[in-house]
Amino acid sequence: MSAVEETIQHVDAATGGTYKYGFVTDIEQETAPKGLNEDIIRFISAKKEEPEWMLEWRLKAFEVWQAMPEPNWAKVNFPPIDYQDAYYYAAPKQKPKLESLDEVDPELLRTYEKLGIPLDEQKMLAGVVAVDAVFDSVSVATTFKAKLREAGVIFCSISEAIREHPELVRKYLSSVVPVADNYFAALNCAVFTDGSFVYVPPGVRCPMELSTYFRINAENTGQFERTLIIADAGSYVSYLEGCTAPMRDENQLHAAVVELVALDDAEIKYSTVQNWYPGDADGKGGIYNFVTKRAACRGRNSKVSWTQVETGSAITWKYPSCILQGDHSVGEFYSVAITNNRQQADTGTKMIHIGKNTRSRIVSKGISAGRSDNTYRGLVRMLGGAEGARNYTQCDSLLIGDQCGAHTVPYIESRNPSAQVEHEATTSKVSEDQLFYCRQRGIGEEEALALIVNGFCKEVLQVLPMEFAVEAQKLVGISLEGSVG
Amino acid sequence: MTDLATQAGDAAPLPFQAQLDAVAPTLPGAGQPWAATLRREARDRFRTLGLPHRKIEAWKYTDVRSLAKRDYRPAPQAADGLSDGLRAVLASDRQEAGRIVFVNGHLRRDLSQLEGLPDGVSAMALADTLEAGDRLVADRLGQLVSVDDRPFHALNTGMMADGLVLHLAPRVVLDVPLNVVFLTEAAGDAASMVCPRVLVVAEPGSQAVIVERHAGVDGAHYFSAPVFEVDVADGARIAHYKLQQEGDQATHLATILARIGRDATYDNFVLSVGAELARNEIVTRFTGRGGDCRLSGGYMARAKQHLDTTTRIEHAVPDCRSREVYKGVLDDRARGVFQGKIVVSRDAQRTDGYQMNRALLLSRNAEIDSKPELEIYADDVKCSHGATAGEIDSDALFYMRARGIDEQAARNLLIEAFVLEVLDEIADPAVREDFAEVVMHWLDGHRND
């Protein structure tokens, strides 16, 4: 399909509705009482049939969280969050154990169908993607388990991992993001309900791309998922994360923690397409996406690559980071952040170079339209032992319309003379010449804009796995709808 | 930032508070109601802001808590005489339009040469204008660019006793440099402080080249908090070159503020080699179309020196240009900080902004922290920035070694080339030569290590 046809299709898909995932699935929910206190945490822990050590860990995290002040340094504005006015546990009511997909609530399956996840096993075989679908708080179905088990890969919900693989969980949980790391991470430790767990044993190349689809469904629930991925020596895994949320007037909080650990010669590729509900044109509603994502490149020659396409959420506040501890380890961060209407995004990365000859590369593309604000905030730190380390950073911002803002806030700290740090940033608007060229050839203004913006983001979009690249391109078009003319 | 006072509150009692209150009634112009109000408001502001700490974003990389460790007292007036070391600073056979010398913050007429300034140029002691209730000073002092959150600007305003008021009448051209020199003598074993203040008012179409120098005695503990304010009216051009050569135990926390009018040009270069802890904070604001602002400089530090350059350029109106180029060389345990911010307001369309900071680390223990920042609210803009940090290029070194130049000589040549390049940003040839000499002198020190 030619690029032009594709763009036209994307825009057609967009005209159907501004946010096509804005439906609510009406199934009976089992929720904990509103509010946040020790009892709720005990309730969550009991519901998940967690061992005693886990409950203690949660309670300690809750204590830490209570003593912490809420941070306010990001370039985002929002009314104070009432942490007592939300449900911290919501699970679809169903049979306690599921043997196959047939037992899953058909209503739930239809929801996923609308989202376009090929949860159906047959389709899955064609797609070769294993989906650990998280519906609100409980992971309802995990496909492809058998095939993964054959390879020795553990891919399950984190609650299952706590029960089945406590030794791995205890060893790695909060080893990358400590409990007291930040306000939202501490909150997550106390109340997280589910998420994904991946362990790839030494020398194994994960036979398929792993994927989790997160979805916030219930009203007034925060989604606090917790993901832990461990790539043991010499292994490889590619993980895909996609998010959508229904349309609601209230603001919902999403405070996830994602921890990645890469040991010697291991590689993790983590891709995100974040399309939470961004609120309406006046900034009413939408998700607060306050996420802590961090990778530890512990081993020699380990590599972690973050790729993110951020188009949703009313407020995005996240910095997927790499701690480059092992000698010769590599960290990469590729990001496209698009904000429109009244969305606010404060996103970027941190690359902490500790080991010798560590390398990092940051490519960030920010696009602001409407009345939105888009900030790149990044840290590159070369510590004293980072002999021969290299960093290259490129941040480009594109402004569409004169009511939006684009900001670049890089922090560059170097304590090693042999380390080389390079940072470049530009800000510009969509070229009139390019627009004119497209318009002259009969391409409508919106299609032309989507085309140009897709070109602007090309460096990032091309590193996305196939499954996501197409969706991401579409999202670029949808997100910018109504920003010209 | 709602309540900085409470954040700072857990520290010891606020330094300088007692001095501020004590000197207030004795300061020149204390009887003028407007001057009293200006100072009182500044005192209150300093009390509210407190001594900055690293939790405050603008002070993330520069720790000034050392100021609280000594009892800094206003430097005693040195009515005559000058120590030999400082006399050497004044030895210059350059052609100059005039020279104004301040010792310990007070004008020294015996060392200054103010005769022979062309008609339309008036240079006055701030103390005199405050006493006389000068209209110009009453209208403009502290009014050009409001900076409410800068504690050391507030401290200066609260304590300023003397300094320079320079007025350029419309279309007057002063093309040979006017030297403004601030010297600080040792005050025995006591720690002293000075708050010199300069106000330059360049009326429409006027031009001037100003060289500001700060020097002091090595080994003396003193704190200088100078404020330099310049009003560059429509079509005026001001070249402002600054040389910071404070004594090796000094703390120098300077604020430079410029308002740039329509089609006006403000050109600033700061060469920073002195002081143990120094910060140059520059804030410029465009108030008319077609303005041009160039901020550049070099910082060279060794031992445990800490040199900070913090700039903020506010593109508040359309069609203005700004350019920033800084280069630093850091040796031993020295630390360099660069924080540059370009703010482009909603209607400042067709803004052209460029910003670059390059640092060369010569030692394993040196450190550079850069934070080049863009905050942009207009869409038709061209803004870019860059930052690099690293050691001497090994390819260049190899190239020279291959041609028979020994490693030490090759290194020195490469460092020299790295720093001297930034001096090209200085338009005035005589000043460029003088500054190059300071750079070469610093490099000699490096070679002798």
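Residues numbered from 1 in each chain as written. Chains lettered and ligands numbered in written order. Predicted model: local features only at pLDDT ≥ 70, side-chain atom pairs only at ≥ 80, totals over all residues. Heavy atoms only, no water.

(A) A look at the interface of chain A and chain B. Across the contact, 34 residues belong to chain A and 34 residues belong to chain B. Interface of chain A and chain B: buried area, both sides summed, is about 2,800 Å²; carbon and sulfur atoms make up 46% of it. Contact with chain B buries surface across chain A, with A:Tyr411, A:Ile412 and A:Pro417 losing the most and accounting together for 20% of the total. Across the contact surface, chain A and chain B share 4 salt bridges. Where chain A meets chain B, there are 21 residue pairs in polar contact (both at pLDDT 80 or more). (Contact = heavy atoms within 4.5 Å. Buried area = accessible area lost by both parts, 1.4 Å probe. Salt bridge = Lys/Arg side-chain N within 4 Å of Asp/Glu carboxyl O. Polar contact = N/O pair within 3.5 Å; in protein donor to acceptor, adjacent residues only side chain to side chain.)

(B) Up close: helix α3 (residues 52–67) of chain A. All names here are of chain A. Look at α3: 23 Å from first C-alpha to last across 16 residues, which is about the 22 Å you get at 1.5 Å a residue. Listed as buried for α3 are Trp53, Met54, Leu55, Trp57, Arg58, Leu59, Ala61, Phe62 and Trp65. On its buried face, α3 sits against α2 (38–47), α7 (158–164), α8 (166–172), α9 (183–191) and β8 (226–231). (Helix = DSSP H or I, 4+ residues; strand = E, 2+ residues; numbered from the N terminus. Expected span 1.5 Å × (residues − 1). Buried < 20%, exposed > 50% of the residue type's maximum accessible area, 1.4 Å probe, protein only.)

(C) Seen up close, the side chain of A:Asn416. Topologically, A:Asn416 is positioned in the loop between β23 (405–414) and β24 (420–429). Polar side-chain contacts of A:Asn416 include one of 3.3 Å to the side chain of A:Glu387. Residues within four places of A:Asn416 in sequence aside, it is in contact with A:Met382, A:Leu383, A:Gly384, A:Gly385, A:Ala386, A:Glu387, B:Leu361 and B:Arg364.

(D) Here's a closer look at α9(A). Residues and elements named next belong to chain A. Taking burial as the measure, the 9 residues of α9 include 9 buried ones, the bulk of the element. Of all the positions in α9, only Tyr183, Phe184, Ala185, Ala186, Leu187, Asn188, Cys189, Ala190 and Val191 are classed as buried. Two or three places before Phe184, at the opening of α9, Asn182 has a side-chain oxygen 2.9 Å from that residue's backbone nitrogen.

(E) Seen up close, the confidence of the model for chain A. Residue and element names in this part refer to chain A. A residue-level look at chain A finds 78% of positions with pLDDT of 70 or above and a mean pLDDT of 81. Here residues 94–99 scores under 50 on pLDDT; set against residues more than four positions off or in separate chains, the count is 7 contacts. Predicted confidence for residues 119–129 stays below pLDDT 50, and this span has 26 contacts to residues more than four positions away or in other chains. (pLDDT = per-residue confidence, 0-100.)

(F) Layout of the nonpolar core. If you look at the biggest cluster of nonpolar residues, it comprises 95 residues, and the most contacted ones within it are A:Val198, A:Leu210, A:Leu260, A:Val304, A:Trp306, B:Ile238 and B:Tyr266. Counting residues in each nonpolar core, the second largest holds 54 residues, with A:Trp57, A:Val176, A:Ile230 and A:Ala314 among its members. (Core = buried A, V, L, I, M, F, W, Y, C linked by side-chain atoms within 4.5 Å.)

(G) Empty space enclosed by the protein, seen in detail. Residue and element names in this part refer to chain A. Going through the model one piece at a time under the given rule, you end up with 10 cavities of 30 Å³ or more. Space inside the largest cavity adds up to approximately 110 Å³. Ser364, Gly366, Asn374, Thr375 and Tyr376 are, among the 16 residues lining the largest cavity, the residues nearest its centre. Contributions of two or more residues to the lining of the largest cavity are made by β17 (330–339), β20 (359–369), β21 (373–382), β22 (390–400) and β23. Of the residues belonging to the lining of the largest cavity, the class tally is 5 nonpolar, 9 polar and 2 charged. (1 Å grid on protein atoms, 1.4 Å probe; cavity = no way out; pocket = protein on both sides within 12 Å on 5 of 7 lines; lining within 4 Å. Points joined across faces, edges and corners; volume = space filled by probe spheres on them. Nonpolar A, V, L, I, M, F, W, Y, C, P; charged D, E, K, R; others polar.)

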